[in-house]
Amino acid sequence: MQFGEKLAPLAIIIGVITVSFSAILVKLSSGEPGVIAFYRMFFSACILLPFFLKGHLKEVKLLNKKDWIVTTAAGAFLAFHFILWFESLQYTSVASSTVLVTMQPLFAFAGAYFLFNEKISSRAVIAAVAAISGSILIGIGDLQVSGMALFGDILALISCAFVTGYLLFGQSVRKHLSLTTYTFIVYTISAIVLFVYVLIKGESLGPFETNEWIIFLSLAILPTLFGHSLFNWAIKWVSTTVISMAILFEPVGAAIFAYFILDETLGAEQLTGGLIILLSLGFFVLTIKRIKVS
């Protein structure tokens, strides 16, 4: 057994724990959603810059005009995914928002079905319908809390569609670029899009207290570089199905952290709806067997 193969399970566990902190950190920040998203992408790109310059700069020559268009679109979609998701956390709970964003596999295969004519089995359709039913149940529960909580749920679902678009756009380019090169370019483009968005909206880029800068940097290091980057590293030794199933534990970890750190609790509808979604997505992933990882 290779050294990397031995470490892959540990990398996945660390990845799940670190991505679970994403929504918590956003909730703890007093910054506006666009600003939080900008600094997350900006610091992520800055951390990757030395590695990109050291051994991956020449890969940029592999990009043609179409690749640049697709990569730019991917970066823009990633930017608006973060804006909408972080905005949703202003209105709804960590658990509701995170579990709805985790419905990405359904959006991914809907896109693959309509764009690439990929076939989906009847069992997968049943699982998808069950997951959607769970999201409706969460919406009903949040509507009882407040109309704004339901609005936050809708934003989370739209942000899920955007992250799916980011993944679908990046498929072709990722095939001939290394992980470092691709993520650096996409994160940089995303940071530029977010910077323009923040300027247009007139959101403040600072000054901030020290704890705010710690939150921004933590978002870049924990859920971005130590979260999804570890998933992408581990995928060399484990199947994408395993990674996708592991990511389904993100809402569970986020809900636990939210309970202890933010004193957030779950109503019966949110808890039941969340369990239905996670179980349905698990069955969906196992049925499909071929899944894109965020």
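My aim in this report is to walk through the structure given alongside it, one point at a time. Fair warning: this is a prediction, and the values are worked out from it, not measured in the lab. (Residues numbered from 1 in each chain as written. Predicted model: local features only at pLDDT ≥ 70, side-chain atom pairs only at ≥ 80, totals over all residues. Heavy atoms only, no water.)

1. Observations regarding the packing of aromatic side chains
- On inspection of all chains with the given rule, the structure shows 22 aromatic pairs.
- Aromatic pair Phe52 and Phe184: ring centres 4.4 Å apart, planes at 20°, arrangement stacked. Here Phe184 lies in helix α9 (residues 179–201) and Phe52 lies in helix α3 (residues 33–55), a separation of 132 residues in the sequence.
- With a relative accessible area of 5%, Phe52 lands in the buried category. (Phe/Tyr/Trp six-rings, centres within 6.5 Å; stacked < 30°, edge-to-face > 60°. Helix = DSSP H or I, 4+ residues; strand = E, 2+ residues; numbered from the N terminus. Buried < 20%, exposed > 50% of the residue type's maximum accessible area, 1.4 Å probe, protein only.)

2. As for the environment of Leu106
- By the secondary structure assignment, Leu106 is in helix α6 (residues 104–116).
- Among residues more than four places away in sequence, those in contact with Leu106 are Ala128, Ala131, Ile132, Leu281 and Phe284. (Contact = heavy atoms within 4.5 Å.)

3. Regarding the layout of surface pockets
- Put simply, the second largest pocket is a space of about 360 Å³.
- Residue lining of the second largest pocket: 21 residues in total, with Met103, Leu106, Phe107, Ala128 and Ile132 positioned closest to the centre.
- Elements with a minimum of two residues in the lining of the second largest pocket: α6, α7 (122–145) and α8 (147–174).
- With 8 residues, the top contributor of residues to the lining of the second largest pocket is α7.
- Classifying every residue of the lining of the second largest pocket gives 18 nonpolar, 2 polar and 1 charged. (1 Å grid on protein atoms, 1.4 Å probe; cavity = no way out; pocket = protein on both sides within 12 Å on 5 of 7 lines; lining within 4 Å. Points joined across faces, edges and corners; volume = space filled by probe spheres on them. Nonpolar A, V, L, I, M, F, W, Y, C, P; charged D, E, K, R; others polar.)

4. A look at the packing of helix α5 (residues 94–101) against helix α12 (residues 250–261)
- Running from amino to carboxyl end, α5 crosses α12 at an angle of 170°, the nearest separation of the two axes being 9 Å. With respect to their mutual orientation, α5 and α12 come out roughly antiparallel. Taking contact as the criterion, the partners of Val94, Ala95, Thr98 and Val99 in α5 are, on α12, Glu250, Pro251, Ala254, Ala255 and Ala258. (Axes fitted to C-alpha atoms, helices over the stretch in contact; angles between N-to-C directions. Parallel < 35°, antiparallel > 145°, perpendicular 65-115°, else oblique.)

5. Comments concerning the environment of Phe51
- The topology assignment puts Phe51 in helix α3.
- When the C-alpha atoms of Phe51 and Thr181 are compared, they prove to be 8.8 Å apart, with 130 residues separating the residues in sequence.
- If near-sequence neighbours (up to four positions away) are discounted, Phe51 is found in contact with His56 and Thr180.

6. Overview of the side chain of Glu203
- Structurally, the position occupied by Glu203 is in the loop between α9 and α10 (210–234).
- Looking at Glu203, its side chain comes within polar contact range of the main-chain nitrogen of Gly34, at 3.4 Å.
- Beyond its immediate sequence surroundings of up to four residues, Glu203 is in contact with Glu32, Gly34, Val35, Tyr197 and Val198. (Polar contact = N/O pair within 3.5 Å; in protein donor to acceptor, adjacent residues only side chain to side chain.)

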